[in-house]
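Below, each chain spelled out in residue letters.
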Amino acid sequence: MFLTISTRGTAATPATDLGYLLHKHPDNAQTFATSHGTAHVFYPQADAERCTAALLLEIDPVALVRRGKGKGRGGAPDTALAQYVNDRPYAASSLLAVALSSVFSSALHGVCKARPERASTPLPLRVEVPALPARGGPELVRRLFEPLGWTVSAEPVALDTRFPEWGDSRYVRLALESDTLTLAEALRHLYVLLPVMDDAKHYWASADEVDKLLRAGEGWLAGHPEQKLITSRYLSRRWSLTRQAMERLELARLAEADDSEVEDIDNAVAQEAPEAEEPGAVAEADGSTPAAVPAAEAAVPAAEAAGTPAEADGSTPVDAKPLPLAVHRREAILAALRESGAARVLDLGCGEGTLLRTLLQEPRFTEIVGMDVSARALAIAARRLKLDRMGERQSSRITLLQGSLAYTDKRLAGYDAAVLSEVIEHLDLPRLPALEYAVFGAAHPRTVVVTTPNVEYNVRWESLPAGHVRHGDHRFEWTRAEFRAWADEVAGRHGYTVEFRPVGPEDPEVGPPTQLAVFHQHTTPQEEKKEAKAA
């Protein structure tokens, strides 16, 4: 198989600088051993005006059979059907991509100590591949390369020129041209897209292939219109790897749009999250546990929660079991959802899935969607919910989505109710209008339940230093008046009414530890008639 890379130059910037960038001298023909044959690098033309580097890969058919996947699970179709006589020695495939990354490793990473300024400068490039298998035809080749800034020529290769009536083969003669890409970018495009167009690999796609894909796709794959197809084909259509890669790409896209680091976006839970909710832990909306939890919030005395009298000195009877505030919160949310009659529910900022697990226990909720920006949190939620072992009927009720509430998402439209449990305080105040529009304006569910800490209650916790918020990731915490003012404005702007409820024991001076608002859509007389008729 054969590939050439050409560039043009001037007296000031000679084309032979390509040799420095590739770390291969134009005057020498070099040979490199690969696991399936031998790679040769040479320069058919090398002068100041034009320079062409060629990579010729000679494949050993016997080595391919011995070291390849063979006929077993995941075997490439060509090597499985004809082990010794096939197109692998001639048609560009994953074999050429691996050789490209091995022989031109430094160039692929943009490293050039001799000409560092040239490595980061776009070049007039032309890439030619005379025999490229394209499962999807020339149109797919254009869909893959044109969004990346290439001018594409994909000429179909006839099955046999002596018999034109036989039509075209699945191979194309590819020529790519661009003046806007660096050499490293061009090599990374080829490394990923050669096996994608072939839709086969000569080796088993293991978990580390996700890291390889994301490294080579950095800067272009997250925004590519054919991202899903590229990811699926590159990972040999392994669903688990594809899902993992798509989640990480979505995080990268959100981080770029947010002008922040991926680590700052995917910070909802620690690397090693606790498997179960401890009685003394506060369940944040994102599922994390604060480093220092105020004891009063961690466990609300059961007698006080139930309205039964406490001891005269304020202590709790010895036999009373502590009831976490997180439990109070979930019960209040469930009560609001039951009253609304909702069947299709969104848990926005679902974290590790604590509320999702509770919703699944009630058959009245026929469709449940959990969404979170953190891929790590969603992975923990899937594990805790045992999605991989869940029965078909139960699993059809629940869906986990990755996404950010700072952006509108058409997947969230049309639901009966949405829950924002301990979510809004994790956003910077200037970003709240974006969340408001995404949930109340664009998604516009019939009912929205919002909970948030009551900052006035913080003074009741001796272990919480004055002026500190309850969780390190909280951007703010509101008083009851501030929360009511925000909720009233949101309701007025988007056609809702709102009612407020306490969560947890209500202190006569500072109120409850958590405040809850239930938003209900206004209904017109016409809508009321339609609902009555439907009922």
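What follows covers helix H20 (residues 480-494). An ideal rise of 1.5 Å per residue puts 21 Å on 15 residues; H20 measures up with 21 Å between its terminal C-alpha atoms. Listed as buried for H20 are Phe483, Trp486, Ala487, Val490, Ala491 and His494. Down the axis of H20, the buried set is contained in an arc of 130 degrees. They therefore lie on one face. Along H20, exposed side chains directed more than 90 degrees from the buried face belong to Ala481 and Gly492.

Looking now at the pairing of strand E4 (residues 50-59). If a strand is regular, its side chains alternate between the two faces of the sheet. Most of E4 is tucked away, with seven of its 10 residues classed as buried. Taken together, the seven bridges between strand E1 (residues 2-8) and E4 define a ladder with antiparallel strand orientation. In the strand pairing of E4, Thr4 is matched with Ala54. Two elements, strand E3 (residues 37-46) and E4, share eight bridges in a ladder whose sense is antiparallel.

Looking now at unusual backbone geometry. With a phi close to 55 degrees, Glu422 is a non-glycine residue in the positive phi region. If you check the backbone angles, His444 has positive phi at about 50 degrees while not being a glycine. In this fold, His444 is placed in the loop between helix H19 (432-443) and strand E14 (447-453).

Here we take up the nonpolar core. Residues Phe145, Trp150, Leu183, Val192 and Leu193 are the most contacted members of the largest nonpolar core, which totals 69 residues. Take this core: its biggest share by element is 10 residues, from helix H8 (residues 183-198). Not counting the four nearest positions on each side in its chain, Phe145 is found in contact with Trp150, Val152, Leu174, Leu176, Leu190, Leu193 and Met197. Leu427, Leu435, Phe440 and Ala487 belong to the second-largest nonpolar core, a separate cluster that totals 30 residues.

Here we take up the sheet that holds strand E13 (residues 417-421). The strands making up a sheet associate through backbone hydrogen bonding, with each pair oriented either parallel or antiparallel. With mixed pairing, seven strands are arranged side by side in an open sheet as E12-E11-E10-E13-E14-E16-E15. Two strands close off the open sheet at either side, each with one partner strand: strand E12 (398-402) and strand E15 (496-503). Across the sheet, the mean angle separating the axes of adjacent strands is 15 degrees when strand polarity is ignored. Relative to E12, strand E11 (residues 367-372) runs parallel, the two sharing five bridges. Bridge assignment links Val369 to a residue of E12, and that residue is Thr399.

Read across the open sheet, the seven strands follow the order E2-E3-E4-E1-E5-E7-E6; overall the sheet is antiparallel. Across the chains shown, the open sheet's two edge strands, defined by having one partner strand only, are strand E2 (30-34) and strand E6 (151-158). Adjacent strand axes in the sheet meet at a mean angle of 15 degrees when their direction is disregarded. Note that E1 and strand E5 (residues 123-133) share four bridges and pair antiparallel. For Ser6, the partnering residue across the bridge sits in E5 and is Arg126. Where helix H4 (residues 94-103) meets the sheet, it contacts E1, E2, E3 and E4, and its direction lies at approximately 125 degrees from that of E4. Packing against the sheet, helix H7 (residues 137-145) makes contact with E6 and strand E7 (168-181), and its axis sits at approximately 160 degrees to E6.

With 79% of its residues at a pLDDT of 70 or more, the chain shows a mean pLDDT of 83. Taken together, the stretch residues 70-81 has pLDDT below 50 and engages in 21 contacts with residues farther than four places along the chain or on a different chain. Low confidence marks residues 271-318, where pLDDT is under 50. Its contacts with residues over four positions away, or in another chain, come to 93 contacts.

Before going further, it helps to examine the layout of surface pockets. The volume enclosed by the largest pocket comes to roughly 920 Å³. What lines the largest pocket is a set of 26 residues, among which Arg243, Met246, Glu247, Leu400 and Gln402 lie closest to the centre. For the lining of the largest pocket, the secondary structure elements donating two or more residues are helix H11 (239-258), helix H17 (375-385) and E12.

A cluster of nonpolar side chains, namely Leu159, Phe163 and Trp166, defines an oily patch on the protein surface of about 320 Å² accessible area. Turning to its location among the elements, Leu159 is positioned in the loop between E6 and E7. Classification of Leu159 as exposed rests on a relative accessible area of 51%.

It is worth spelling out empty space enclosed by the protein at this point. Under the counting rule described, the total for this entry stands at two cavities of 30 Å³ or more. Computed from the structure, the largest cavity encloses a volume of approximately 60 Å³. Lining of the largest cavity is provided by Leu21, Ala107, Gly110, Val111, Cys112, Arg118, Ala119, Leu123, Leu183 and Ala184. Breaking the lining of the largest cavity down by element, the ones donating at least two residues are helix H6 (116-119) and H8. When its residues are assigned to classes, the lining of the largest cavity shows eight nonpolar, one polar and one charged.

Position of Ala487 among the secondary structure elements: in helix H20. Measuring from C-alpha to C-alpha, the distance between Ala487 and Phe519 comes to 8.4 Å, with 32 residues separating the pair along the chain. Setting aside its immediate chain neighbours within four residues, Ala487 contacts Val498, Phe500 and Phe519.

Along the chain, the position of Ile368 falls in strand E11. A residue is classified by how much of its surface remains accessible, and Ile368, at 0% relative accessible area, is buried. With 22 residues separating them in the primary sequence, Ile368 and Leu346 have C-alpha atoms 6.0 Å apart. Setting aside anything within four residues of it in sequence, one finds Ile368 in contact with Val345, Leu356, Leu359, Leu360, Arg397, Ile398 and Thr399.

Attention shifts here to the packing of H7 against helix H10 (residues 227-234). Between H7 and H10, whose axes approach to 10 Å, the crossing angle comes to 105 degrees. Classified by the interaxial angle, the pair formed by H7 and H10 is roughly perpendicular. Here Leu140, Arg143 and Leu144 of H7 come into contact with H10, specifically with Leu229, Ile230 and Arg233. Among the residues making up the contact of H7 with H10, the classes are represented as four nonpolar, no polar and two charged.

Parameters at a glance
- Residues numbered from 1 in each chain as written.
- Predicted model: local features only at pLDDT ≥ 70, side-chain atom pairs only at ≥ 80, totals over all residues.
- Heavy atoms only, no water.
- Helix = DSSP H or I, 4+ residues; strand = E, 2+ residues; numbered from the N terminus.
- Expected span 1.5 Å × (residues − 1).
- Buried < 20%, exposed > 50% of the residue type's maximum accessible area, 1.4 Å probe, protein only.
- Arc of directions from axis to C-beta.
- Pairing = 2+ DSSP bridges.
- Core = buried A, V, L, I, M, F, W, Y, C linked by side-chain atoms within 4.5 Å.
- Contact = heavy atoms within 4.5 Å.
- Axes fitted to C-alpha atoms, helices over the stretch in contact; angles between N-to-C directions.
- pLDDT = per-residue confidence, 0-100.
- 1 Å grid on protein atoms, 1.4 Å probe; cavity = no way out; pocket = protein on both sides within 12 Å on 5 of 7 lines; lining within 4 Å.
- Points joined across faces, edges and corners; volume = space filled by probe spheres on them.
- Patch = residues over 30% accessible without salt bridge, like charges linked within 9 Å, V, L, I, M, F, W, Y side chains within 5 Å.
- Areas by Shrake-Rupley, 256 points an atom, 1.4 Å probe, with all protein chains shown as cover.
- Salt bridge = Lys/Arg side-chain N within 4 Å of Asp/Glu carboxyl O.
- Nonpolar A, V, L, I, M, F, W, Y, C, P; charged D, E, K, R; others polar.
- Parallel < 35°, antiparallel > 145°, perpendicular 65-115°, else oblique.

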